[in-house]
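These are the residues of each chain, in order.
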Amino acid sequence: MENRLAILELIDKLYKKNYLEKEQLLYILNHIEVYGKDHLIKRAHETRMKTYGNKVYIRGLIEITNHCKMDCKYCGINIYNKNVDRYRLTLEEILICCELGYRLGYRTFVLQGGEDSYFRDDIIVDIVKSIKSKYPDVAITLSIGEKSYESYKKYYETGVDRYLLRHETASRRLFEKIHISSSYDNRMKSLLNLKEIGYQVGAGFMVGIPDQNKEDLAEDIIFLKKLDPEMVGIGPFIPHRSTIYKSEKSGTLEDTITMLALTRLYLPYVLLPSTTALGSIDPKGREKGLMAGANVIMPNLSPKSVRDKYALYDGKVSFGYEGAESIDCIRSKINSVGFQLDMSRGDNIKWRTNI
């Protein structure tokens, strides 16, 4: 009973102040599955309703390439996986995706891919200019990995509105364990560069990485509070059959929901996706994420012929509710849990106010 009261008090303090010390956060993480989980989700939902109401913003995800020069140990499209059927979308193919998405009502396109050296700055600039010239009212998000300050600035000046670069874990120990050639310091520097340039910045992390502990997860939340990004992507670690982590256990829905809820309480204005990975480990994963404070979904707008080829992890869902063309199904699912689909650009409210 004493533990339950302590947890409830800490959750209410976080709800009011949007901050707890790391030790207090750790106390919640160590006890939440026994005491107070429903209260945490309730408070996260209330916070989301105060800031964004019952809106769920939608983005059309276009996976432009599954080529990648990096060797991240957990990733199914890393350079050493010879079983991947590699592809690159042409400008024409990307514009066809945008045309379909725009006709369906999408006003944000997320161009995501591996760190593919083929997509030089001039090619990215040409893609962005082509999309913006046809659809000047859309927001463009890039998620193509670590680049130089100069490259980020060039994309921004061309018209890119947002940039997603998940930090994966704020723990240097864990980051260096799951990456081979990536630099922890450069990942953090890249995020700061994006903030300085003026992007709406997206960071994010995995839940359930092998050897991850509660302190690592607490570090993620504290790091995000300090960075203050406009977007945060959180999903469970899911192993891929062609990586060294193929036999490891996936992160759980329960732990991921906890981290979504805590992130909403620490960062009340953040845009928080209910990720594809949640829908891949649980048929109701998307809806449960929305109920815990998430307010964004990113259905797949890529050509159907390549969706299965962009497999960062096993079991990825990209059709049905996860397919961008199924807009009526998506709307129905969202309505079923008390939310309304918002087809606007869906900018971060705090960022919009500051500009």
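What counts, and at which threshold
- Residues numbered from 1 in each chain as written.
- Predicted model: local features only at pLDDT ≥ 70, side-chain atom pairs only at ≥ 80, totals over all residues.
- Heavy atoms only, no water.
- Phe/Tyr/Trp six-rings, centres within 6.5 Å; stacked < 30°, edge-to-face > 60°.
- Helix = DSSP H or I, 4+ residues; strand = E, 2+ residues; numbered from the N terminus.
- Buried < 20%, exposed > 50% of the residue type's maximum accessible area, 1.4 Å probe, protein only.
- Lys NZ or Arg CZ within 6 Å of the ring centre and 35° of its normal.
- Pairing = 2+ DSSP bridges.
- Axes fitted to C-alpha atoms, helices over the stretch in contact; angles between N-to-C directions.
- Contact = heavy atoms within 4.5 Å.

A. Local environment of the packing of aromatic side chains. Using the criterion set out here, one finds 10 aromatic pairs in the structure. Taken together, a centroid distance of 6.1 Å and an interplanar angle of 75 degrees make the contact between Y19 and Y266 edge-to-face. One end of the pair, Y19, is in the loop between α1 (2–17) and α2 (22–31); the other, Y266, is in helix α10 (residues 253–266), with 247 residues separating them in the sequence. Y19 sits in the partly exposed class, given a relative accessible area of 34%. A relative accessible area of 1% means that Y266 is categorised as buried. Through pairs of rings, three or more aromatic residues link up here, namely Y152, Y156, Y163 and Y199. Positioned over the ring face of Y15 is R43, at 4.2 Å from the centre of the ring. Here the basic side chain of R107 rests over the ring of Y102, its NZ or CZ set 3.5 Å away from the ring centre.

B. Highlighting the environment of S326. On the secondary structure map, S326 appears in the loop between β8 (296–297) and α13 (327–336). On the accessibility criterion, S326 (19% relative accessible area) is buried. Through-space distance from the C-alpha of S326 to that of E168 is 30 Å; in sequence the pair is 158 residues apart.

C. Representation of the sheet that holds strand β4 (residues 139–143). Judged by pairing direction, the sheet is parallel, and its 6 strands sit side by side in the order β2-β3-β4-β5-β6-β7 without closing on themselves. Two strands bound the open sheet, and with one partner strand each, they are β2 (60–65) and β7 (231–236). Taken over all neighbouring pairs, the strand axes of this sheet differ in orientation by 20 degrees on average, direction set aside. In the sheet, strand β6 (residues 200–207) pairs with β7 via 6 bridges, with the strands oriented parallel. Paired with M206 across the two strands is G235, which belongs to β7. Across the face of the sheet, helix α8 (residues 184–197) comes into contact with β5 (162–164) and β6 while running at roughly 155 degrees to β6.

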